[in-house]
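So you can see what is in the structure, the chains are spelled out below.
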Amino acid sequence: MRKKIKWLIAVIVAFIIVGAAYYYKTSKTSTTSQVTTSKVRSDSAVKKDINSRLVYNEVNSQKSITKSLKSKATSGTYTLNNIYTKLNPYKVSPLTAVAIFHTSKAAKVSYTVVGKTSKTSITNTVNKYTKSHTLQILGLYADYNNTVKIKVTYKNGTSVTKTIRIQTAKVPSSLSSIKINVTKANKKKMETGKGNAKLTFMVRTTISGKKQSKNYSFGIDADGAIRWYTTRPTSHIFKQLSDGNLLIWTKSKASNSYFNELVEMNYEGKVTRTYRLNHKALGKAKGSKKQNHNQIHHDVTELPNQDLIATVSDGGRTYVEDTMIVISHKTGKITKVINMKNILPSKFYRDYTATKSSKYMGKRDWFHENSVYYDKTDKSLIISSRNQNLVMKIDYKTEKIKWILSGKKRSAWPKSYRKYLLKASGKIAWPGGQHAAIVAPNSLGKKNSLNLLIFNNNVAVGDTKKSLANSSGKYSEGVEYKINEKNMTIKQVDSFGKSLGSKNFANIIGSNRYLSSTNRLIDFGWLDNGDAANVIEYDAKTNKQIFNVKLTNLGSGGYVYRAERFSLFPTKHSYGTNE
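As recorded by an unreviewed UniProt entry, the chain carries the name Arylsulfate sulfotransferase and is attributed to Pediococcus ethanolidurans.

Listed below in structure tokens is the structure:
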């Protein structure tokens, strides 16, 4: 009898151990005890499929150019009366040049690309006294004999000014065909930065394909003149990093039908780092071969340690655009994977039917993460999900939810999640298909409080709150909220766009950027079925427009995904401002 009891106990214990092991392997408990299903791919599988790594072919191929320029700078051959100039030195930024000369005495240099009208001259100053001078000439006009004035000032206060001319070629037809119409430009109130060096950059949503490779991202001045562009294909990702360099999502070959490289480069096109990712993903059908696929889709953000966090798909056969990876800037390898299926209720992705698209090989786009922002004050992430009508904050390390701003009905959330839902203080615009969630930098560091900016497309995706369902499709707007993170309340403090009505309704894409304590820059990026965009700078205190530019004839797949106001000569990275 005792043997039977011992045998029975052993069987039960073994069953418990095996069951626990199986549960741990196939399930991962979220921060709210909501258990996901075995369809969540492992971190190791995601890392293997994406296989991010550093490659050096572009850096190495440019070494001869850099060496040649340095040789000219140290030769002493070129003087103020014989300045060496090289247009487009790295062959991907046609409206840039380098100017090299030597002075007999140490001097500092200020130089200006002379503009055609007021507030369009672009000036930069190099305050370091030196005898060897290599100047980045940025912001040239296309198809124009540009005037560049160079002022040299010596330590004794004396100065001399020289003028050089730089002739540029026409912009390519893919840019010249775009109609850029500035209807409002209050140049005194526009945030054009020191030396008028800030341009309004049009970040393109270049869809994959050979024909769309020439939908170039570009920057315009207050007159709407193109003053910078790159001939490298770009899609979605066009950021300014803490060191002043750009980060772009591009192709290893322009003729490729897919994007597969994150590249860090300066405005002249000099590459400092290249991350390459695999470009294949499993098809939906079981047993199907891997297909060309853009691993990174909407956003990449720099972390304080210079690593990158990127929005990706998990590489499986069922779901897309619901995962994030952290890429080491030192090794190029993936160091962390965050899968939103491990954080939100399983029914949200398991039962999702609100949208369908052949774009994702028939996979389920239940989350559609379109932005990620790092809040350094509490080491957390702020995430925007278009297809769940939500913006949420999670702890970066633990992935625990801090709060959720949701356009869904409260009853749609399991009870265990409801404690995270922000409660409205007064009437607010609930997010619907929104994009580009960031924090106003002037609100960072305030105890238990922050101001959140979004572009609210105002699209009710699936079953939503009544007010969102009623307003859906009638207008889009930039919205600013004040969130009390202690009391879990949210108050709307600013909005712009509702009065523009349906003509500025953008079903997809868009951005709302902080420029100063008063100025905001909004991109209504999808107008006229993607053929047009409207970018507006406005005063948040008066709600009056400061700058308004309408872009039409954008070309196939060349949508204005976001609009940014970046300086060609950044001196300090302000997170949220230089997004």
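As for the environment of Asp523
Checked against the element boundaries, Asp523 lands in strand 31 (residues 519-527). Once residues lying within four places of it in the same chain are set aside, the contact partners of Asp523 are Phe455, Gly510, Ser511, Ala533, Asn534, Val535, Val560, Tyr561, Arg562 and Ala563. Within the local environment of Asp523, its side chain forms a polar contact with the backbone nitrogen of Arg562, the two atoms lying 3.4 Å apart.

Quick word on the sheet that holds strand 8 (residues 198-206)
One open sheet holds the four strands; their spatial order is 10-9-8-34, and the pairing between them is antiparallel. Only two strands of the sheet have a single neighbouring strand rather than two, namely strand 10 (226-229) and strand 34 (558-567). The mean inter-strand angle of the sheet, taken between neighbouring strand axes irrespective of direction, is 25°. Bridge count between strand 9 (residues 218-220) and strand 10: three bridges; the pairing is antiparallel. Each residue of the ladder has a partner; that of Phe218, found in strand 10, is Tyr229.

Let's talk about the UniProt feature "domain: Arylsulfotransferase N-terminal" (unreviewed entry) in the chain
Per the UniProt record, "domain: Arylsulfotransferase N-terminal" (unreviewed entry) is found at residues 85-169. Counting secondary structure, residues 85-169 comes out at 0% helix and 67% strand; the distance between its end C-alpha atoms is 15 Å.

Thoughts on the packing of aromatic side chains
On inspection of all chains with the given rule, the structure shows 20 aromatic pairs. Measuring from centroid to centroid gives 6.3 Å for Phe238 and Phe566, while their planes differ by 15°, and the two rings are stacked. Taken together, the residues Phe238 in strand 11 (residues 238-240) and Phe566 in strand 34 connect sequence positions 328 residues apart. With respect to class, Phe238 is no different from Phe566; both count as buried. Each member of the aromatic cluster is reached from another via a ring pair, and the members are Phe201, Trp228, Phe238, Tyr267 and Phe566. Between the NZ or CZ atom of Lys116 and the centre of the ring of Tyr144, over which it lies, the distance is 4.3 Å. Lys465 extends its terminal NZ or CZ atom over the ring of Trp430, reaching a point 4.3 Å from the ring centre.

Rules used in this analysis
- Residues numbered from 1 in each chain as written.
- Predicted model: local features only at pLDDT ≥ 70, side-chain atom pairs only at ≥ 80, totals over all residues.
- Heavy atoms only, no water.
- Helix = DSSP H or I, 4+ residues; strand = E, 2+ residues; numbered from the N terminus.
- Contact = heavy atoms within 4.5 Å.
- Polar contact = N/O pair within 3.5 Å; in protein donor to acceptor, adjacent residues only side chain to side chain.
- Pairing = 2+ DSSP bridges.
- Axes fitted to C-alpha atoms, helices over the stretch in contact; angles between N-to-C directions.
- UniProt positions renumbered as here; feature names shortened; annotations may be inferred.
- Phe/Tyr/Trp six-rings, centres within 6.5 Å; stacked < 30°, edge-to-face > 60°.
- Buried < 20%, exposed > 50% of the residue type's maximum accessible area, 1.4 Å probe, protein only.
- Lys NZ or Arg CZ within 6 Å of the ring centre and 35° of its normal.

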